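An overview of the molecular structure
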Amino acid sequence: LTAPAWAQPPECTGRQVASREFVESYNAASDAVTRQDYAGALTLAALARPHATSVALQSAVTQIEAAALVGLDDRLAASARMRSALSEPCLPAVVHTKYIEKLAEWGMSAN
């Protein structure tokens, strides 16, 4: 689901080193989204964010936050998160496209 390596800057490709605190909180947040526990996912993503030590890991947390906000149907917060993520260099192309589509579906601009 990521863009080809040649399309992303070096800080977005290759192996990312993540702390145990990041991995545990991030994985729990991802699982919470899967279970549709969107409020829990936001809480867990907030725990992961301080440990996101690279651009790629920060982008991953932003994607969890956006998914949780969409799940909560908090369009104002979700659209703000998606718009800010559109300029992130590590946002996968497929996610970028989905964010633009979701914003358009909601009648909102990507800018």
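Everything discussed here concerns the structure shown above.
These remarks concern the structure in this document. Per chain, residue numbering runs from 1 following the sequence as it is written. Where local features are concerned, this predicted model is filtered to residues with pLDDT of at least 70; where side-chain atom pairs are given and counted, the filter is 80 or more; whole-chain, interface and lining totals use all residues. By convention in this description, side-chain values take in all heavy atoms of the structure and omit both hydrogens and water.

**Focus: helix α2 (residues 38-48)**
Definition in use: In this scheme, a residue with accessible area under 20% of its type's maximum is buried, one over 50% is exposed, and one in between is partly exposed, where area comes from a 1.4 Å probe on protein chains only. Under the DSSP-based scheme used, a helix requires at least four consecutive residues in state H or I and a strand at least two consecutive residues in state E, with every element numbered from the N terminus. As used here, the arc is the angular range of directions from the helix axis to the C-beta atoms. Any two residues whose heavy atoms approach within 4.5 Å are treated as being in contact.
Restricting attention to buried positions, one finds in α2 the residues Tyr38, Gly40, Ala41, Ala45 and Ala48. Each buried residue of α2 lies within a common arc of 145 degrees when the element is viewed along its axis, so the set occupies one face. Tucked into the core, α2 has its buried residues touching α1 (20-34) and α3 (55-71).

**Looking at the packing of aromatic side chains**
Heads up, the rule is: Centres within 6.5 Å are what make two rings of Phe, Tyr or Trp a pair, Trp counting through its six-membered ring; a difference in plane orientation under 30 degrees is then read as stacked, over 60 as edge-to-face, and the rest as tilted.
Across all of its chains, the model carries 1 aromatic pair by this definition. When the centroid spacing of 5.4 Å and the interplanar angle of 10 degrees are considered together, the rings of Phe22 and Tyr26 count as stacked. Pair noted here: Phe22 and Tyr26 are both in helix α1, with a separation of 4 residues, about one helical turn. With a relative accessible area of 4%, Phe22 lands in the buried category.

**Digging into the nonpolar core**
The cut-off we apply is this: Nonpolar cores are built from buried Ala, Val, Leu, Ile, Met, Phe, Trp, Tyr and Cys residues. Side-chain atoms within 4.5 Å join them into one set.
With 13 residues, the main nonpolar core has Phe22, Val33, Ala41, Ala45, Ala52, Val61 and Ile64 as its most contacted residues. Breaking this core down by element, the ones donating at least two residues are α1, α2 and α3. If you look at the next biggest cluster of nonpolar residues, it comprises 11 residues, including Ala85, Leu86, Tyr99 and Leu103.

**Some points on the packing of α3 against helix α4 (residues 75-85)**
So the rule is basically this: Axes here mean lines fitted to C-alpha atoms, for a helix over just the part in contact, with angles spanning 0 to 180 degrees between N-to-C directions. For classification purposes, an angle smaller than 35 degrees is called roughly parallel, one larger than 145 roughly antiparallel, one from 65 to 115 roughly perpendicular, and anything else oblique. Each crossing gets its handedness from the near helix: less than a right angle anticlockwise from the far helix is left-handed, clockwise is right-handed. Asp, Glu, Lys and Arg are counted as charged, while Ala, Val, Leu, Ile, Met, Phe, Trp, Tyr, Cys and Pro are counted as nonpolar; the rest, among them Gly, fall into the polar class.
At their nearest, the axes of α3 and α4 sit 8 Å apart, and the two run at 155 degrees to each other. In this view, α3 runs roughly antiparallel relative to α4, as classed from their interaxial angle. For the element pair α3 and α4, the recorded crossing hand is left-handed. Across from Thr62, Glu65, Ala66, Leu69 and Val70 in α3, the residues of α4 making contact are Ala77, Ala78, Arg81, Met82 and Ala85. Taken together, the residues of the contact of α3 with α4 break down into 7 nonpolar, 1 polar and 2 charged.

In short, geometric facts, not functional conclusions.
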